[in-house]
Amino acid sequence: MEGSRLDQYVDQASQFAQDNKRVLAAAGITAVAATSLYLLRRRNLRKPPTSGPYPQSSLPADAYDLVIVGAGPSGSTTAYFSALKGLKVAILEKESFPRDKYCGDAVCTPAIKILEEMGVMQELQANNEAHFADAGGFVSPAGISYIGASVEKLGEAAACAVKRINLDMRMAYAARKAGAELREEFEVTAADFDQQQGLWTVSSGDGEKVKARLLVIADGATSRLATKLGYCTEPPRGVCSRAFVEGGTHNTDFDGVCFYQKESLPGYSAIFKHPNDELNYCYYLIPHGKEGFCGDVHESDLKRLHEGAIKNDPFISQALGPNAKIERMKAASLRLGGQGLRTTYDDHLVIIGDAAGHIDPLTGEGIHTAIMGGKAAAETAISMQATGDYSAASTFQYEQKWNHLYGYDFGKSRAGAALIYKYPILLDACANEMQRKGDAMMSKWAEVMTNMRPKSYFLRPDVALPLGVAVVREFWNQKIIGRSNDYSKGGSR
C-alpha cells in the first residue's frame, strides 16, 4: 500500500514537471541569476580599496614599508619577494644564524618550487644540504607496509629533507641579498601602533626601535607577539620530537616512511633521510579530543612514545638497527589548522606561518604552508604599497590568498585526523591497496599528503571506490578471518 502511494506521488511530480517545464525553467534561471548576482556583489564587497591615505611618498625616511618579526621560512619568504619588488623591508630575528629549529625537516613540492624561484634550493643542492625523496611509504596501524618509488609516477619528488639550520639561514640570506635589511639578535618585546601616523613601532629589549606601515608577525608557534597583541588566545596544542641519527650507523634503505602506531593516532612517527646517510627520526602528536590530548595520549607522553618506539616498534627498531647513534630527543610545539587565532589580518597587520597556525592538521607539516603563505603576504604588501591602503579591507587579500592556496584543506584534514583515529582500518585499507596497486596508489597518497592535491581527491570515484573495496577486504581479514596484527608479529609484512 505504502509502495503504491509512493509511486503515485512520483507520477504526480513527474506530470507536474512535464506540464510546467517553462515555469520551472524560468524559476531555475531566476535562482541561478540571483545566486550569481549575490556572489558577484559579495566578491565586489571584498575587493580591496584602490587608493588609501598612505601613499609611498608619505613614508618617513626612517620607516619601512613592512617590518617582519621572525626570520623563519615564512618571514624570509615575505621579505624576499617584497624586497625584490622594491619595498623597504626590515626582518628581525631574535637569534643569530646559523640557528636550529626542531621539526621533521620535510619540504613538500609546492615549497620546493618557491625555493627554486628564490635561488635557495640551488644553493642547498650545491652544498649537499637537501635530499630528495623517492623511496617512501608508510606502515599502517595493523602493520601493513608499503614502500615504493614515487618520482617515476609523479615526474618529480614529492618532498625533500633539509635541516632547518641550513634552510632558515639560506632563506634569510636570500632575503637580505634581495634587498631586505636583516637584523639578527633583535628580540622583540613590544609593538605599538600610532593611529595618526599609520605606523607600527617595534621595540627590542635593548631599546632599538623599527617603524613600519605593515607589521608581519612570523615568530613561530608560540608567537609571543600575536599573544601580547591579543590575536592569539591560547597556547599551541600539538607537539613533535626530533632526533638525528648518524649516517652509517643504521639499517635504513628508504628515503621517508611514516609509522602509524595505533596508540598515538591520529599522530605518527617518521624517519626521513638527509644527505650523507643521516636520518631525522621524529614523532608527531596531533591534537584531537579533550584539551591537552592527542587522541588517546597526552602531549606529555611525547618522550615516552619517542623513546619507546626506538626499542619496541619492530619496524623502527629494524630500520635503525642495534648500532644506531641517535642524538638526544628535542621537542617543539605545533599550532595546527589556525588553532587559537582570532584572525590572521587586521589594519596594518598580518600573521603568517606557524604563528598563524598554518600547519596541516592531518600531517603536521608546516614548512610548505609557511613558504606559500609568506609569498602570499608579500603579494599583499606589494599591492598595499601601490594603493596606499593598509586597512583590514586590504590586508584581507592575504587571508583570501592563503585560504585559496591551502587553508581550504584544513577542515578536511581535521576530519581526516578524526576518521583515522576512530577507524584505523582506513589506513590499513590504504596500505593494502598500495600492496595491490603498487606505486600508482602510493603516488596518489604522496600527492595528497604533500599538498599537491586536496584531501578531497580521496573522494573521487576512481580513488574512493577501490579504497571502499579495500576497507571491506580489510574488515573481512581482521574481523572475520582474524588475521593477526603484523606489529605483534615483528613486522613481517
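What you are looking at is a predicted structure, and each value in this text was computed from that prediction instead of being measured. (Residues numbered from 1 in each chain as written. Predicted model: local features only at pLDDT ≥ 70, side-chain atom pairs only at ≥ 80, totals over all residues. Heavy atoms only, no water.)

### Things to note about the overall build of the protein
Working step 1: Counting its secondary structure elements, the protein contains 16 helices and 20 strands.
Working step 2: Residues classed as buried in the protein amount to 54% of the 493 residues present.
Working step 3: Within the protein, contacts between residues at least 6 apart in sequence are counted, and of these 73% link residues at least 24 apart.
Working step 4: Of the accessible surface of the protein, which amounts to about 22,000 Å², a share of 53% is contributed by carbon and sulfur atoms. (Helix = DSSP H or I, 4+ residues; strand = E, 2+ residues; numbered from the N terminus. Buried < 20%, exposed > 50% of the residue type's maximum accessible area, 1.4 Å probe, protein only. Contact = heavy atoms within 4.5 Å. Areas by Shrake-Rupley, 256 points an atom, 1.4 Å probe, with all protein chains shown as cover.)

### A few points about the pairing of strand S9 (residues 188-194)
Working step 1: Judged from the six bridges that link them, S9 and strand S10 (residues 199-204) form a sheet pairing that is antiparallel. Each residue of the ladder has a partner; that of Asp-192, found in S10, is Thr-201.
Working step 2: Where S9 folds back onto S10 in an antiparallel hairpin, the turn is made up of four residues, including Gly-198, whose phi is positive at roughly 65 degrees. (Pairing = 2+ DSSP bridges.)

### Focus on helix H13 (residues 410-422)
Working step 1: For H13, with 13 residues, the first-to-last C-alpha span of 18 Å sits near the 18 Å given by 1.5 Å per residue.
Working step 2: All of the buried residues in H13 are Phe-410, Ser-413, Gly-416, Ala-417 and Ile-420. In a view along the axis of H13, the buried residues occupy a sector of 110 degrees, so they form one face of it.
Working step 3: Among the structural elements, helix H12 (392-405) and helix H14 (425-437) are those in contact with the buried residues of H13. (Expected span 1.5 Å × (residues − 1). Arc of directions from axis to C-beta.)

### Points about a nonpolar patch on the surface
Working step 1: A surface patch of nonpolar side chains, about 450 Å² in accessible area, is lined by Phe-475, Trp-476, Ile-480 and Ile-481.
Working step 2: The topology assignment puts Ile-481 in helix H16 (residues 461-481). (Patch = residues over 30% accessible without salt bridge, like charges linked within 9 Å, V, L, I, M, F, W, Y side chains within 5 Å. Salt bridge = Lys/Arg side-chain N within 4 Å of Asp/Glu carboxyl O.)

### Thoughts on unusual backbone geometry
Working step 1: Of the consecutive residues Phe-97 and Pro-98, the connecting peptide bond is found in the cis state with omega at 0 degrees.
Working step 2: Tracing the chain through its elements places Pro-98 in the loop between strand S2 (89-93) and strand S3 (106-108).
Working step 3: Pro-266 follows Leu-265 through a cis peptide bond whose omega is 10 degrees.
Working step 4: If you trace the backbone, Pro-266 turns up in the loop between strand S13 (256-259) and strand S14 (268-273).

### Details of the environment of Arg-473
Working step 1: Mapped onto the elements of the fold, Arg-473 is located in helix H16.
Working step 2: For Arg-473, a relative accessible area of 23% gives the class partly exposed.
Working step 3: Spatially, the C-alpha atoms of Arg-473 and Asn-432 are 8.9 Å apart, while their sequence positions differ by 41 residues.
Working step 4: Once residues lying within four places of it in the same chain are set aside, the contact partners of Arg-473 are Asn-432, Glu-433 and Arg-436.

### Here we look at the packing of aromatic side chains
Working step 1: Under the counting rule described, the total for this entry stands at 12 aromatic pairs.
Working step 2: Ring plane angle 25 degrees and centroid distance 6.0 Å describe the contact between Trp-402 and Tyr-406, whose orientation is recorded as stacked.
Working step 3: By relative accessible area, which is 10% here, Trp-402 ends up buried.
Working step 4: Every member of this aromatic cluster is reached through a ring pair, and the members are Phe-138, Tyr-260, Tyr-268, Tyr-284, Trp-445 and Phe-458.
Working step 5: Between Arg-176 and the ring centre of Tyr-173, over which it is positioned, the NZ or CZ distance is 4.4 Å.
Working step 6: A cation over a ring is seen here: Lys-290 above Phe-293, with NZ or CZ 4.9 Å from the ring centre. (Phe/Tyr/Trp six-rings, centres within 6.5 Å; stacked < 30°, edge-to-face > 60°. Lys NZ or Arg CZ within 6 Å of the ring centre and 35° of its normal.)

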